[in-house]
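Overview (structure and organization)
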Amino acid sequence: MSTSLIYRNRTLYEVLMRGLYGRYYTARYRAVAAAIPAGASVLDLCCGPATLYTRYLRQQSIDYTGLDLNDGFITELTKAGGRGLVWDMNSDAALPAADYVLMQASLYHFLPDPSAVVDRMLTAARDQVIIAEPIRNLATSDNRVLAAIGQRFTNAGTGAQAHRFTEDSLDEFFARYAERVVRSEVIAGGREKLYVLSA
Ligand SMILES: C[S@@+](CC[C@H](N)C(=O)[O-])C[C@H]1O[C@@H](n2cnc3c(N)ncnc32)[C@H](O)[C@@H]1O
């Protein structure tokens, strides 16, 4: 199955993300960046074009490593001076260790049960796991045209992603990690929810 065009091209990706998030586009990155102290090491899973690094974390002296299935994103990250690895999160391989292990807008790729991914993140993290996940997006839109675009453009090469989280289903998923949840909050004008878990 061919990889979505949007996941191959940084400019197209950013145009779609800006369309989806509107004036909250930068807020989603700022909320995650604010959870990471300067000087920490960070492992960013499903990093995409690594906008979090190039626009935010790079200024905070973060030791950053981004992992993504799509080599185009990783090549660009490397060119931008970051450390990147092509990596399939569906493999069982142990993740590189880091102080903070994070994933933004990607947990839905591992539905119906992303717990194996979160468990691997907890094993790799020395301090905290940070997950920010969309709870309202185009792929679940009642508008069938928008829903089709949202699903098609977020196919990473592993099949269209018809299933997403709502706030309720995300809360239900994280209930199993209740003892580790340090905080959770809705960010980016209600478009994503951020969870911070102790490692
Ligand atoms: C919606 S983008 C999020 C990118 C970035 N985290 C952000 O918030 O801007 C989802 C990313 O997950 C990646 N991805 C999807 N399935 C993956 C897998 N099995 N292993 C690694 N990366 C994957 C895609 O290539 C894409 O870059």
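Small disclaimer: the values here were computed from a predicted structure and weren't measured. (Residues numbered from 1 in each chain as written. Predicted model: local features only at pLDDT ≥ 70, side-chain atom pairs only at ≥ 80, totals over all residues. Heavy atoms only, no water.)

By size, the foremost hydrophobic cluster in this structure holds 31 residues, and its most contacted members are Val32, Ile36, Val42, Leu57, Tyr64 and Ile130. Sorting the residues of this core by element identifies α1 (10–21), α2 (25–33), α3 (51–56), α4 (71–79), β4 (98–104), β5 (125–134) and β7 (192–198) as the ones contributing at least two each. The dominant element in this core, judged by the number of residues it contributes, is α2, at four residues. Here Tyr64 is in contact with Val42, Asp44, Cys47, Ala50, Tyr53, Leu57, Leu77 and Arg83, once residues within four sequence places are set aside. (Core = buried A, V, L, I, M, F, W, Y, C linked by side-chain atoms within 4.5 Å. Buried < 20%, exposed > 50% of the residue type's maximum accessible area, 1.4 Å probe, protein only. Helix = DSSP H or I, 4+ residues; strand = E, 2+ residues; numbered from the N terminus. Contact = heavy atoms within 4.5 Å.)

The next point concerns the pattern of salt bridges. Applying the stated criterion to the full structure yields seven salt bridges. Glu192 is paired through a salt bridge with Arg28; the nearest N and O atoms lie 2.8 Å apart. In this pair, Glu192 sits in strand β7 while Arg28 sits in helix α2, placing the two residues 164 residues apart along the sequence. On the basis of relative accessibility, which here comes to 0%, the residue Glu192 falls in the buried class. Between Glu167 and Lys193 there is a salt bridge; the shortest N-O distance is 2.8 Å. With Glu167 in helix α7 (residues 167–174) and Lys193 in strand β7, the pair connects residues that are 26 residues apart, well separated along the chain. For Lys193, a relative accessible area of 8% corresponds to the buried category. (Salt bridge = Lys/Arg side-chain N within 4 Å of Asp/Glu carboxyl O.)

Here we take up the confidence of the model for the chain. Caution applies to low-pLDDT regions: their predicted coordinates should not be interpreted in detail. With 83% of its residues at a pLDDT of 70 or more, the chain shows a mean pLDDT of 87. Taken together, the stretch residues 156–160 has pLDDT below 50 and engages in 13 contacts with residues farther than four places along the chain or on a different chain. (pLDDT = per-residue confidence, 0-100.)

Cis geometry marks the peptide bond from Leu111 to Pro112; its omega dihedral reads 20°. Its location among the elements puts Pro112 in the loop between β4 and α5 (115–124). If you check the backbone angles, Ser61 has positive phi at about 50° while not being a glycine. Taking relative accessible area as the criterion, Ser61 reaches 57% and is therefore assigned exposed. Phi angles above zero are rare outside glycine, and Ala105 is one such case at about 55°. Looking at the secondary structure, you find Ala105 in the loop between β4 and α5. Here Ala105 falls in the buried class, since its relative accessible area comes to 11%.

Our next topic: the site of the ligand. Near the ligand, the surroundings consist of 22 residues, among which Tyr13, Arg28, Asp68, Asn70 and Met89 are the closest. Here Asn70 contributes a side-chain N or O atom positioned 2.8 Å from an oxygen atom of the ligand. Surface burial for the ligand is 98%, taken as the share of its 600 Å² of free accessible area covered by protein chains. When its residues are assigned to classes, the shell around the ligand shows 13 nonpolar, six polar and three charged. (Near = heavy atom within 4 Å. Polar contact = N/O pair within 3.5 Å; in protein donor to acceptor, adjacent residues only side chain to side chain. Areas by Shrake-Rupley, 256 points an atom, 1.4 Å probe, with all protein chains shown as cover. Nonpolar A, V, L, I, M, F, W, Y, C, P; charged D, E, K, R; others polar.)

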